[in-house]
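Geometric and topological summary
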Amino acid sequence: MKNIAFKSLTFMLGLAALSSCSSSESADSKTKNKPEKKQAATKIGTVTAMKVGEHVQLPGEFLAFQEVSIYPKADGFVEKVLVDRGSKVSKGQVLMVLEAPEKEEQLVAARSNYLKAKAMLVASQEHYKRLKASSGIRGSVSALDLESAHAKMMADSAAAMGEQANFGALTKIKSYLVVRAPFDGVITERNVHPGALVSSGVRMQGAMLTLQQQDKLRLVVDVPETYSVGLKQGKEVTFTVNAMPGEQFKGKISRRSGNMNQKFRSETVEVDVSNAGRKIKPGMFAEVVFEPETTHGSLTVPTSAIVTTTEGQYVVKANAGKAEFVEVRKGQQSQEVTEVFGALSLGDKIVTNPRDNLKNGSSI
């Protein structure tokens, strides 16, 4: 019985070894017969100079075309306030009237002094004329008397001019007590009422009134450095107002700051917007869409052709069947093409699907 069991065990082990060898040979056969994975074919493109058709959308803010905070030019008390918040006013219209009794008294005194000085000047002029006429008779008028009369006339003339200037200055100050609108617009803020004491200059803590021109607005947009180069004065833009969905407006670039904001690396651009119906309010936000012009001196390549590494950005140029890595700087870009600046020429052949293992000098 032991011999039979031993023979059965030996037979089973032999079958297992034979099966293992057969399986190994089969696996090796499959591995040898499996086809190797082919690398993707290299695609060749051409360097062009086409316009990058990209629409840039940027946020903007509406500001009043003109805005001024109205402060008093002279000290006084508020006598009348003829406008309020929301009042439409015209240039030159009276907005407020101030009163300053001491200014009235100073003006009366200045006028009196001016008239007195003027009368003295007239008298000295007449005296000098008579002496000069009499000097024609030999020995009737001494030269010293004539010179003294002339000096007196000149002194009185200077005094009269001084009093006239003082009178004019006080007259001007009195006119400051009537506050007028410097331009057409809307009163957006009122901070004083009749009886309030107001002071000129920096002593006034806040403005009496704030006036805005709202029939014409400035749409202010900060354009990033990349796109500001391609902007032109007078270029048409479209914009939408966040508070008025579904409506689209158009305008033209009216002004550019001409410098880059050091903090945000952007240029401030203004678009004049007609707002006769006052639908748009200063302070509202908008989304501005424009299409920058092609950057001067740029070439374009497919976006997929640019290789980005830790060392920089490159385009693989096909040079006599060899790969030549050309360092470039990117400009404006879209999904299909990108502006580049570098040692490339129009019509150069480049690899549009560079492999990760492609190196400088490799065969293409």
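Scroll up to find the structure.
Predicted model only: the values in this text are computed from it and were never measured.

Description of the overall build of the chain
Assigned secondary structure in the chain consists of 4 helices and 19 strands. Counting only residues that meet the buried cut, the chain has 32% of its 364 residues in that class. In the chain, the proportion of contacts linking residues at least 24 apart, taken out of those at least 6 apart, comes to 75%. Put simply, the chain shows about 23000 Å² of open surface, and 54% of that area lies on carbon and sulfur atoms.

Let's talk about helix 3 (residues 143-175)
Over its 33 residues, helix 3 runs 48 Å from end to end, which matches the ideal 48 Å to within 8%, given 1.5 Å per residue. For helix 3, the full list of buried residues reads Ala149, Met153, Asp156, Ala160 and Leu170.

Structural notes on unusual backbone geometry
Notably, Arg278 is not glycine yet its phi reads approximately 55°, a positive angle. As for its position among the elements, Arg278 is in the loop between strand 12 (266-274) and strand 13 (285-290). For Arg278, a relative accessible area of 24% corresponds to the partly exposed category. Phi is positive for Ala320, which is not a glycine, with a value near 55°.

Description of the pairing of strand 18 (residues 337-342)
The buried fraction of strand 18 amounts to 5 of the 6 residues, a majority that puts the element mostly inside the structure. Relative to strand 18, strand 17 (residues 322-333) runs antiparallel, the two being bridged by 4 bridges. Bridge pairing in strand 18 places Lys330 opposite Val340. A loop of 3 residues connects strand 17 with strand 18, the two strands running antiparallel in sequence.

Criteria and thresholds
Residues numbered from 1 in each chain as written. Predicted model: local features only at pLDDT ≥ 70, side-chain atom pairs only at ≥ 80, totals over all residues. Heavy atoms only, no water. Helix = DSSP H or I, 4+ residues; strand = E, 2+ residues; numbered from the N terminus. Buried < 20%, exposed > 50% of the residue type's maximum accessible area, 1.4 Å probe, protein only. Contact = heavy atoms within 4.5 Å. Areas by Shrake-Rupley, 256 points an atom, 1.4 Å probe, with all protein chains shown as cover. Expected span 1.5 Å × (residues − 1). Pairing = 2+ DSSP bridges.

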